[in-house]
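Per-entry structural report
Given next are the chains, with one letter for each unit.
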Amino acid sequence: MTTKPHQPLISLCMIVKNEADNLARCLRSARGAADEIIIVDTGSTDATRSIARSFGARIIDYPWNGDFAAARNAGLALAQGTWILVLDADEELEPGSREELLVCAKHTEYEAFFVRIHNHQGTERASQTLTVNPILRMFKNRPNYRFSGIIHEQIAAVIVQENPDAAMHMGTVIVHHYGYADGVVERKDKISRNLGLLKQQLEQSPGDAFQHFNLAVEYMRLGDYGQALEHIGTSLNMAQPGTSYVHLLYKYKVRCLAVTGDYPGALETCGQGSTLFPDYPDLHHLKGALLLQVSALAEAKTALFRALEIGASPPLYHTESGLGTYLTHTLLGQVCQQIGEAHEAAACFTRAAQLQPDPWPLIPRLTRLFKCTGREPELHGWLAGQLPGILTEQRQELLRLLVRDGCYTAAADMLEGGVGSGVAAEERDAAAQSAGEIDGVMQDAGAVDATAQSAGEIDGVMQDAGVVDATAQSADEIDGVMQDAGVVDATAQSAGEIDGVLQDAGAVDAAAQSAGEIDAGVGAGAVDDAGLEVPPTADLLELLQRAEAASAAELSYDDITGLLNHPAVNPADGNTSLPLSAIAAAVQPLILLADKVLAALVTSAIYSPAAAAARLTLPLPRSTD
């Protein structure tokens, strides 16, 4: 008696060309989830095919004809599985998501599943995530479910057209994507390829709102914001109500208008978009950034509080990592600082540092704020209570930063007391109070608690208000993302969209931007071996205590130079990432002397406000120093 062959449950279908550097990682990540692998090869000349064979893949030769949908459909036609899973070679499944895919496959009441695509800045899973997209990537294997579109090929639209009642589920499966990492776009010349194919597609279907959206994204990546705005306007006019990527059209329009200096137009668009999508934190964050740029600080604070109330974006929206969470806390801290609400600003910067995996870039801002508001004696205890990892894992970097920014009391506390049992009683009291202070500030303002926020989100580099480009945006992400574009509305749970790297409009303050980026070269930089202990040498302590006790008139250039050149601050063995430049070495002592003079003026009722503001704008050591 012959037995019936086992039908595969999940067929992994891919199209590839010269992906020898990536393919093994992708296929390895799918082991245990895919029962069948079908590779459509469009002309590889490297080891791609042999790698695919080593994983037991069935390889289909398909000469490239400029049509992504046709290539994908060639693989679908041969798939035997109950479900089709689509991955690209420059992607990999999160290890914990393999089992989840198998669970999803048991739920046959659904026609398709969305996954969460994490688009990375680098080429490793540990690298920074810039954007998170919901994309339809697993669907029932039915002969009438085929991709359409020569570029940014879609499948959700077809599924809904064939089955208007199709149920689709937004899962929590995570796929990591590296195709738009730094340098990859340039190497593969994807922008030129995409523009050519999109123009060809629009010649065939000029009324396609989705392709106008895609063209806008490509022009943004090129920095041609005028052309981008034209296509955004056309797409908005053509898109049907409920189209899944409309929220992105509003966000992109805001960004393009801001980058061209049209702040009134950008604010008006923010208002229009927020009315349609009130639970989309990105638009509220953008509004706050724009209002900060035009010095409408009270209104900016209100908008940012609204973004924090929402928190991490609902899963049907495309979002940037940190919007509604740590980047919004950072921007709110800047607003509070400019208003003069120093305690609230410190609470916001601290919360932001707690929520992101790498808090170090916020430490210079936090130390400067404590120093300039007379709270430097609390700083060591605050860090011990709220960000203890900074005191342990980055001890040397912190000591150097404190000395270079003239935080001599805090630096001495580090050398004398250390962390844990060495923290003085008053510092422990400050640390105990700090958590309540942060929570109080956030809760009084109606902002969400850290526990309600998405701690898995990762940082993005903050840029000038609204002046952001789309360099890291994926037009292929857009694809994936938009494998549904224009069809399924939010209620149908079809929302794959993408975006480019919106790197936080307006989150850099004058202190970090000043031309005094003479301090760009200041100091020795971050040590390579952070675990090396800095001995609490008596001479360094003596220098720190003298500098702290001396008046502005008594402190000399040589005193400051002696501190900056101390081996614990500027190692002679070159164990640093940035050398102390000649210009910075000459100027930094003068900056610290100026700070000392301004600090003395703060005690005067006449000069206090101006002196306090001037201190905050002195060039501040960078987190990379």
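Residues numbered from 1 in each chain as written. Predicted model: local features only at pLDDT ≥ 70, side-chain atom pairs only at ≥ 80, totals over all residues. Heavy atoms only, no water.

Examining helix 14 (residues 326-339)
Applied cut-off: Elements are defined by DSSP. Helices are runs of H or I of four residues or more, strands are runs of E of two residues or more, and each kind is numbered from the N terminus. Each helix should span, by expectation, one fewer than its residue count multiplied by 1.5 Å. Using a 1.4 Å probe on the protein chains alone, a residue whose accessible area is under 20% of its type maximum counts as buried, one over 50% counts as exposed, and one in between counts as partly exposed.
With 14 residues, helix 14 should cover 20 Å at 1.5 Å per step; its first-to-last C-alpha distance of 20 Å lies within 8% of that length. In terms of residue burial, helix 14 counts as a mostly covered element, since 12 of its 14 residues are buried. When helix 14 is considered as a whole, its buried residues turn out to be Tyr326, Leu327, Thr328, His329, Thr330, Leu331, Leu332, Gly333, Gln334, Val335, Cys336 and Gln337.

Considerations on the confidence of the model for the protein
Convention followed: Known as pLDDT, the predictor's per-residue confidence is scaled from 0 to 100. We call two residues in contact when some of their heavy atoms are within 4.5 Å.
The predicted model of the protein averages 79 in pLDDT, with 75% of residues at 70 or higher. Segment residues 418-432 is flagged for pLDDT under 50; beyond a separation of four residues in sequence, or across chains, it makes 19 contacts in the model. Within the model, the stretch residues 445-536 combines pLDDT values under 50 with 342 contacts to residues more than four positions away or in other chains.

Looking at the pattern of salt bridges
Condition: The salt bridge criterion pairs a side-chain nitrogen of Lys or Arg with a carboxyl oxygen of Asp or Glu, the two atoms within 4 Å.
Within this structure, the stated rule accounts for 17 salt bridges. Across the pair Asp61 and Arg49 runs a salt bridge whose closest N-O atoms are separated by 2.4 Å. Separated by 12 residues along the polypeptide, Asp61 in strand 3 (residues 58-61) and Arg49 in helix 2 (residues 48-54) bring together distant segments of the chain. Looking at Asp61, the relative accessible area reads 53%, which means it is exposed. Of the residues examined, Arg49 reaches a relative accessible area of 23% and is grouped as partly exposed. When the shortest N-O distance is used, the salt bridge between Asp405 and Arg368 registers 2.3 Å. Placement of Asp405 in the loop between helix 19 (395-404) and helix 20 (408-417) and of Arg368 in helix 16 (residues 363-372) is noted, with a sequence separation of 37 residues between them.

Side note on the nonpolar core
Condition: The set of buried Ala, Val, Leu, Ile, Met, Phe, Trp, Tyr and Cys residues whose side-chain atoms join them within 4.5 Å is what this entry labels a nonpolar core.
In this structure, Leu398 and Leu544 are the most contacted members of the largest nonpolar core, which totals 65 residues. For this core, the element with the highest residue contribution is helix 15 (residues 342-355), accounting for eight residues. In terms of nonpolar packing, the next biggest core, distinct from the first, is built from 63 residues, Ala71, Phe139, Ile150 and Ala166 among them.

A word on the environment of Arg49
Applicable threshold: Any pair of N or O atoms that falls within 3.5 Å is considered a polar contact. Within protein, one atom must be able to donate a hydrogen and the other to accept it, and sequence-neighbouring residues count only if both atoms are side-chain atoms.
Counting along the chain gives 11 residues from Arg49 to Ile60, while the straight-line C-alpha distance between them is 9.9 Å. Ignoring anything within four residues of it in the chain, the contact list for Arg49 reads Asp41, Ile59 and Asp61. Within polar-contact distance, the side chain of Arg49 engages the side chain of Asp61 at 2.4 Å.

Quick word on the packing of aromatic side chains
How two aromatic rings sit relative to each other is set out by the distance from centre to centre and by the angle between their planes. To be explicit about the condition: Centre distance within 6.5 Å is the pairing criterion for rings of Phe, Tyr and Trp, where only the six-membered ring of Trp is used; planes under 30 degrees apart are then read as stacked, over 60 as edge-to-face, and the remainder as tilted. Working rule: Lys NZ or Arg CZ, within 6 Å of ring centre, within 35 degrees of ring normal, means a charge sits over the ring.
Tallied over the entire structure, the rule returns 12 aromatic pairs. Ring geometry for Phe210 and Phe213: centres 6.4 Å apart, planes at 15°, overall stacked. Residue Phe210 and its partner Phe213 are both found in helix 8 (residues 209-222); the two are separated by three residues, about one turn of the helix. Across this residue pair, the class does not change: Phe210 and Phe213 are buried. Every member of this aromatic cluster is reached through a ring pair, and the members are Phe210, Phe213, Tyr245 and Tyr252. Its guanidinium or amino end placed over the ring of Phe147, Arg72 lies 5.9 Å from that ring's centre, counting from NZ or CZ. Over the ring of Phe370 we find Arg375; its NZ or CZ atom is 4.5 Å from the centre of that ring.

Quick look at the pairing of strand 2 (residues 36-41)
Spelled out, the test is: The crossover handedness rule: strands pointing away from the viewer, path from first strand over the helix to second strand clockwise, crossover right-handed. A strand pair is defined by DSSP finding two or more bridges across the two strands.
Most of strand 2 sits out of view: six of its six residues are buried. For the crossover that starts at strand 1 (residues 10-16), traverses helix 1 (residues 23-30) and ends in the parallel strand 2, the hand is right-handed. As paired elements, strand 2 and strand 3 share four bridges and run parallel to each other. Among the inter-strand pairings, Asp41 is bridged to a residue of strand 3, identified as Asp61.

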